[in-house]
Every structure is written in C-alpha cells, then in structure tokens.
Amino acid sequence: QVQLVESGGGSVQAGGSLRLSCAASGNIYRRRCMSWFRQVPGKEREGVAAILSDDGSTRYADSVKGRFTISQDYAKNTLYLQMNSLEPEDTAMYYCAADPRWWLVLNSDEYKYWGQGTQVTVSS
C-alpha cells in the first residue's frame, strides 16, 4: 500500500507563489510515477505535472508549463509542486497521486493511489 498526505495549500494573490508538498509512505516500487492533479467543483480532474522516480523525467500540462515545477526529495520521500506566477484560473483542490507504472501519464484513471487534497485559492 501507499499513503499520500498533501500540505502547503492556501490563499495567495495573482502573481504569487506556493509550494505544495506530498509526504509519501509505503512500497516505493508502487509509486514509481507520481503526479499532481487539480479539480474544480463540477469539472473533471486535470493532470498538472508528473515525474518518474527512476530517472526524474517530467511532464507538464500546457497550462502550467514555465510556471510550475514538479520535483522529488528521495531522502524525505516527499513530492513537491512549486507554483509561480499563479493565476486565478489555478484555483482548485490539488491532489497528489502515485502509481507503480514506470512511464509518465497525466490521466487520472491511470493512478492507483491518491491523497486527500489541499486547497489552493488565487485571488485577482
């Protein structure tokens, strides 16, 4: 099993920054691919960024490229999402997800393990 606990959400003005954290525990081989998703009420969950533990390769949604950075601290078993130049459209509940697969995906249907989410609110 894998457990994921997000933190770091909050309220910020447009143009500001936040860093989300996801503390992971459990079988490391079952969380080779880790990602951040976000969801607004009434809309589908959207893939934001993904990273492979094996080689550190990453993938981003077009809407966040150049503004968000996904990274991992392997010693701390923690996944991060650095979010800069935040826009009101980035307001959402942000979720950490993990899966045993060893290739990058940003489709929520492909992920086995999920955290409980952390809210990010960006005001104009």
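First things first, this report covers the structure right here in the doc. The residue numbers shown here count from 1 along each chain, following its written sequence. Given that this is a predicted model, residues contribute local features only at a pLDDT of at least 70 and side-chain atom pairs are listed and counted only at 80 or more, while totals for whole chains, interfaces and linings are drawn from all residues. The basis for every side-chain value is the complete set of heavy atoms in the structure, and neither hydrogens nor water enter the calculation.

In this section: the packing of aromatic side chains. Here is the rule: rings of Phe, Tyr and Trp (six-membered ring for Trp) pair when centre to centre is within 6.5 Å. Planes less than 30 degrees apart are stacked, more than 60 are edge-to-face, and the remainder are tilted. In total, this model carries 5 aromatic pairs according to the counting rule given. An angle of 80° between the planes, with centres 6.5 Å apart, marks the rings of Y95 and W114 as edge-to-face. One end of the pair, Y95, is in strand β9 (residues 92–99); the other, W114, is in strand β10 (residues 113–114), with 19 residues separating them in the sequence. An aromatic cluster of at least three residues, connected via ring pairs, comprises F37, Y95, Y111 and W114. Placement of a positive charge over a ring is assigned whenever Lys NZ or Arg CZ falls within 6 Å of the ring centre and within 35 degrees of the normal to the ring plane. Above the plane of the ring of Y95 lies R45, whose end atom (NZ or CZ) is 3.9 Å from the centre. Of note, R45 hangs over the ring of W114, and the distance from its end group to the ring centre comes to 4.6 Å. Only DSSP runs of H or I with at least four residues qualify as helices, and only runs of E with at least two residues qualify as strands; both kinds are numbered from the N terminus onward.

Another aspect to go through is the pairing of strand β5 (residues 46–52). The buried label applies to any residue whose accessible area, calculated with a 1.4 Å probe on protein chains only, is under 20% of its type's maximum; exposed applies above 50%, and partly exposed to all values in between. Across the 7 residues that make up β5, a large majority, 6, are buried. What makes two strands pair is DSSP finding at least two bridges between them. Relative to β5, strand β4 (residues 33–39) runs antiparallel, the two sharing 6 bridges. Looking across to β5, one finds that W36 is bridged to A49. Hairpin connection between β4 and β5: a loop of 6 residues separates the two successive antiparallel strands, and G42 in this loop has a positive phi of roughly 90°. Summarising the sheet, β5 and strand β6 (residues 58–60) pair through 3 bridges and their orientation is antiparallel. Of the residues in β6, the one forming a bridge with A49 is Y60. In this structure, the hairpin formed by β5 and β6 is closed by a connection of 5 residues, where G56 is found at a positive phi of approximately 75°.

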